[in-house]
Amino acid sequence: MVSLAPWGPAARLEELPLLKRGAEAEIRLGEFMGLQAVYKARVRKPYMHPRLAERLVRLRTRREARVIAAARAAGVSAPALLAVFPSLGLIVMEYVEGPLLKDVIDRRGLGAGGLVEEAGYNLGLLHRAGVVHGDPTTSNYIVRGGGVVLIDYGLAEFSSSVEDRAVDLHLFRRAVESTHAPLAGELYSLYTRGYLRAVGEWGGEVLRRAEEIRLRGRYVRERRRSVWGVG
Amino acid sequence: MPPKRDGEVLVLGIESTAHTFGVGIVSTRPPIVRADVRRRWTPREGGILPREVAEFFSLHAGEAVAEALGEAGVSIADVDAVAVALGPGMGPALRVGATVARALSAKYGKPLVPVNHAVAHVEAARFTTGLRDPVALYVAGGNTTVVSFVAGRYRTFGETLDIALGNLLDTFAREAGIAPPYVAGGLHAVDRCAEGGGFVEGIPYVVKGQDVSFSGILTAALRLLKRGARLSDVCYTLREVAFSSVVEVTERCLAHTGKRQATLTGGVAANRVLNEKMSLMAGLHGAVYRPVDVRLSGDNGVMIALTGLAAYLHGVIIDPGEAYIRQRWRIDEVDIPWYPWLPGDPPPG
């Protein structure tokens, strides 16, 4: 691993404390120019030809960085991008400190309703920017300073299709159904209320499609819920 | 073969969804597989022609059933139920199997068991590997799907957005002039020609969300050839890119479901390179990996009979008058009340 000495106290990435190891990436905690920072290093898939694995790491690292930049520009509450090293598969970003929205809902129930609406609002802003998240569960929102931060863009893509947008809503609904079952209906309606506030007139179509996807019963693009979505 | 004993249940299964008319007979007592008869339609050139296939099936259906009964050493009177693959598949081909099964059921008064062809491939893997609750990658000429059992059914976690993996390999081989025959000596034409090849740039890797797409790979590979790239390099890279993408989707499903078992099934399941990738991937997640028994990887009547046996023992039967074929019968539309039952387990009830 290349030395990151100019930017942080740790000479080597693997010396940084590991927050999470997943199939897609390893997340470490470090410093970047005096700020607490998250180092997200994508994993090269050992079952692929090295050149293919390398190509994917670069491509996906670049894409994730672009998505985060587009999200921030559109006003989404997302972690600040600090540095990108496509050849290392490494993204350095702001460390967002706070409890997961999931845990806040567990503690406060519908008392966290305002935050859920805020979460939906942020997804709406992201969609308006032409980006779908791919894993918008209550574990991928961090509560900070009375609002929420939408994290983990590892599976995000540039897309303005109704289907892709509806899948995001569907994933949120499935997440609250499995983790906050008794409140699922209310939480989803708060989320969509915030969402509609952000997107305006085409929101209705996305909501209807999300309902269709639910009826189709397909586990489309559903993934393990985790802080970083790298499971 | 031993004569039928008291309490033993025999099921005859009929497969006719694509190129193979298969008749299998299975039993609840060992040896479980009593007969495996296949009549395979092969094109002299080009791909599958549904009407020709149906004609071929009609010509061979009767003798295939008779041969299977002979192989099992039983008469139709000994058979307890007739299972049939009602879909998904090609209409004209499916109709032959459905007609034969309905006729056997009506004439001899045998219960009729509807079987979904995709479910049967996954069950063939479960039954022959002993893996009770796996994530399954099902790859064949007409199918590419990652499924796993959740809440009563096999759920689709990812699939191809366009052509199937087997179709990609076959179409490329045909267009590149290296097939038919598509498979010789157990190796696909693309595998044979990939030997000595290396990785080249120019073929896109497409995983969209949980889904894969192969049509772009096919177009790009043919374009590379036209521009003078070495055939062996193109074959190698096409295979590398396509296999890697399905294994990655399987990996995501494993990570998502948290399951500890993985399997591979369908006509492409015998492929050595794909097996190596699956095995490596499963190892990364501490999962056990075993592919379907190679004898049941391609389309066959035994897997229909096995799935039919499981279904029949758990009360799944259908009125012959309602046994319509379903060309687009999705795997996630089928209830699996016998899950995670395996042959060898005590019978239900």
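Residues numbered from 1 in each chain as written. Chains lettered and ligands numbered in written order. Predicted model: local features only at pLDDT ≥ 70, side-chain atom pairs only at ≥ 80, totals over all residues. Heavy atoms only, no water.

Identification of chain B as tRNA N6-adenosine threonylcarbamoyltransferase from Aeropyrum pernix is taken from UniProt. Heading Catalytic activity of the UniProt record for chain B holds this comment: "L-threonylcarbamoyladenylate + adenosine(37) in tRNA = N(6)-L-threonylcarbamoyladenosine(37) in tRNA + AMP + H(+)". Quoted verbatim from the Sequence similarities field of UniProt, the annotation for chain B is "Belongs to the KAE1 / TsaD family." (UniProt positions renumbered as here; feature names shortened; annotations may be inferred.)

As annotated in an unreviewed UniProt entry, chain A carries the name non-specific serine/threonine protein kinase and is attributed to Aeropyrum pernix. We quote the UniProt Sequence similarities (unreviewed entry) comment for chain A here in full: "Belongs to the protein kinase superfamily. BUD32 family."

Draft legend 1. The arrangement of the UniProt feature "binding site: Fe cation" in chain B in detail. Residue and element names in this part refer to chain B. The feature "binding site: Fe cation", as annotated in UniProt, sits at His117, His121, Tyr138 and Asp299 in this numbering. On the basis of their most widely separated C-alpha atoms, the annotated residues across 183 residues gather in one place, lying no more than 12.0 Å apart. Looking at the element boundaries, His117 is found in helix H3 (residues 117-129). Beyond its immediate stretch of four places on either side in the chain, His117 contacts Glu15, Thr17, Gly87, Pro88, Tyr138, Asp299 and Met303. Positionally, Asp299 belongs in the loop between strand E14 (288-289) and helix H9 (301-313). (Helix = DSSP H or I, 4+ residues; strand = E, 2+ residues; numbered from the N terminus. Contact = heavy atoms within 4.5 Å.)

Draft legend 2. Structural context of the sheet that holds E14(B). Residue and element names in this part refer to chain B. Pairing is mixed across the open sheet formed by 5 strands, whose spatial order is E8-E7-E6-E13-E14. Where the open sheet ends on each side, the last strands, each with one partner, are strand E8 (153-159) and E14. Here 2 bridges tie strand E13 (residues 261-265) to E14, and the two strands are oriented parallel to one another. Looking at the pairing, Ala262 lines up with Tyr289 of E14. Where H3 meets the sheet, its contacts fall on strand E6 (135-139), strand E7 (144-150), E8 and E13, and the angle it forms with E13 comes to roughly 125 degrees. Each of E6, E13 and E14 touches helix H8 (residues 272-284); the most contacted strand, E13, lies at about 170 degrees to it. (Pairing = 2+ DSSP bridges. Axes fitted to C-alpha atoms, helices over the stretch in contact; angles between N-to-C directions.)

Draft legend 3. Main features of the nonpolar core. With 128 residues, the main nonpolar core has B:Leu12, B:Phe21, B:Tyr154, B:Leu165, B:Leu238 and B:Leu274 as its most contacted residues. The element that contributes the greatest number of residues to this core is helix H7 (residues 231-257) of chain B, accounting for 12 residues. Beyond its immediate sequence surroundings of up to four residues, B:Leu165 is in contact with B:Val139, B:Ala140, B:Thr144, B:Phe214, B:Ala242, B:Phe243, B:Val246, B:Val268 and B:Leu274. One finds A:Val67, A:Val116, A:Val131 and A:Val176 within the second-largest nonpolar core, a separate group that totals 44 residues. (Core = buried A, V, L, I, M, F, W, Y, C linked by side-chain atoms within 4.5 Å. Buried < 20%, exposed > 50% of the residue type's maximum accessible area, 1.4 Å probe, protein only.)

Draft legend 4. Broad picture of empty space enclosed by the protein. Residue and element names in this part refer to chain A. For the structure shown, the criterion picks out 5 cavities of 30 Å³ or more. Its volume calculated, the second largest cavity comes out at about 70 Å³. As for the second largest cavity, its lining consists of Glu24, Arg42, Val43, Arg44, Lys45, Ala53, Leu56, Val57 and Arg60. Considered class by class, the residues forming the lining of the second largest cavity number 4 nonpolar, no polar and 5 charged. (1 Å grid on protein atoms, 1.4 Å probe; cavity = no way out; pocket = protein on both sides within 12 Å on 5 of 7 lines; lining within 4 Å. Points joined across faces, edges and corners; volume = space filled by probe spheres on them. Nonpolar A, V, L, I, M, F, W, Y, C, P; charged D, E, K, R; others polar.)

Draft legend 5. Focus on H3(B). Residues and elements named next belong to chain B. For H3, spanning 13 residues, the distance from its first C-alpha to its last is 18 Å, which sits close to the expected 18 Å at 1.5 Å a residue. Burial within H3 is extensive, with 12 of its 13 residues counted as buried. Buried within H3 are the following residues: His117, Ala118, Val119, Ala120, His121, Val122, Glu123, Ala124, Ala125, Arg126, Phe127 and Thr129. By the N-cap criterion, in which a side-chain oxygen at the helix start approaches the backbone nitrogen of a residue two or three places on, H3 is capped by Asn116, the distance to Ala118 being 2.8 Å. Just downstream of H3 lies Gly130, where phi reads positive at about 75 degrees. (Expected span 1.5 Å × (residues − 1). Polar contact = N/O pair within 3.5 Å; in protein donor to acceptor, adjacent residues only side chain to side chain.)

Draft legend 6. Geometry of the UniProt feature "binding site: substrate" in chain B. All names here are of chain B. Using the residue numbers shown here, the UniProt feature "binding site: substrate" corresponds to Tyr138, Val139, Ala140, Gly141, Gly142, Asp170, Asp191 and Asn271. Checked against the element boundaries, Val139 lands in strand E6. Apart from residues no more than four positions distant in its own chain, Val139 is found in contact with Thr144, Leu165, Leu264, Thr265, Gly266, Gly267, Val268, Ala269 and Leu274. Within the fold, Ala140 resides in the loop between E6 and E7. Not counting residues up to four positions away in its chain, the partners in contact with Ala140 are Ala164, Leu165, Gly166, Asn167, Gly266, Gly267 and Val268.

Draft legend 7. Just the state of the cysteines, in detail. Residues and elements named next belong to chain B. The tally for this structure, following the rule as stated, stands at 1 disulfide over all chains. A sulfur-sulfur separation of 1.9 Å characterises the disulfide bridge that pairs Cys193 with Cys235. Between Cys193 and Cys235 the disulfide shows an S-S torsion of about 110 degrees. By sign, it is right-handed. Remark: Cys235 occurs in helix H7 and Cys193 occurs in helix H5 (residues 189-194); sequence separation between them is 42 residues. (Disulfide = S-S within 2.5 Å.)

Draft legend 8. Inspection of the packing of helix H4 (residues 162-179) of chain A against helix H5 (residues 184-199) of chain A at higher detail. All names here are of chain A. The contact between H4 and H5 brings their axes to 9 Å, and the two run at 150 degrees. Overall, the two elements H4 and H5 adopt an arrangement that is roughly antiparallel. Crossing angle aside, the handedness with which H4 passes H5 is right-handed. Residues Arg165, Leu169, Phe172, Arg173, Val176 and Glu177 of H4 form the contact with H5, whose own contacting residues are Ala184, Leu187, Tyr188, Tyr191 and Tyr195. Taken together, the residues of the contact of H4 with H5 break down into 8 nonpolar, no polar and 3 charged. (Parallel < 35°, antiparallel > 145°, perpendicular 65-115°, else oblique. Left-handed = near helix turned anticlockwise from the far one by under 90°.)

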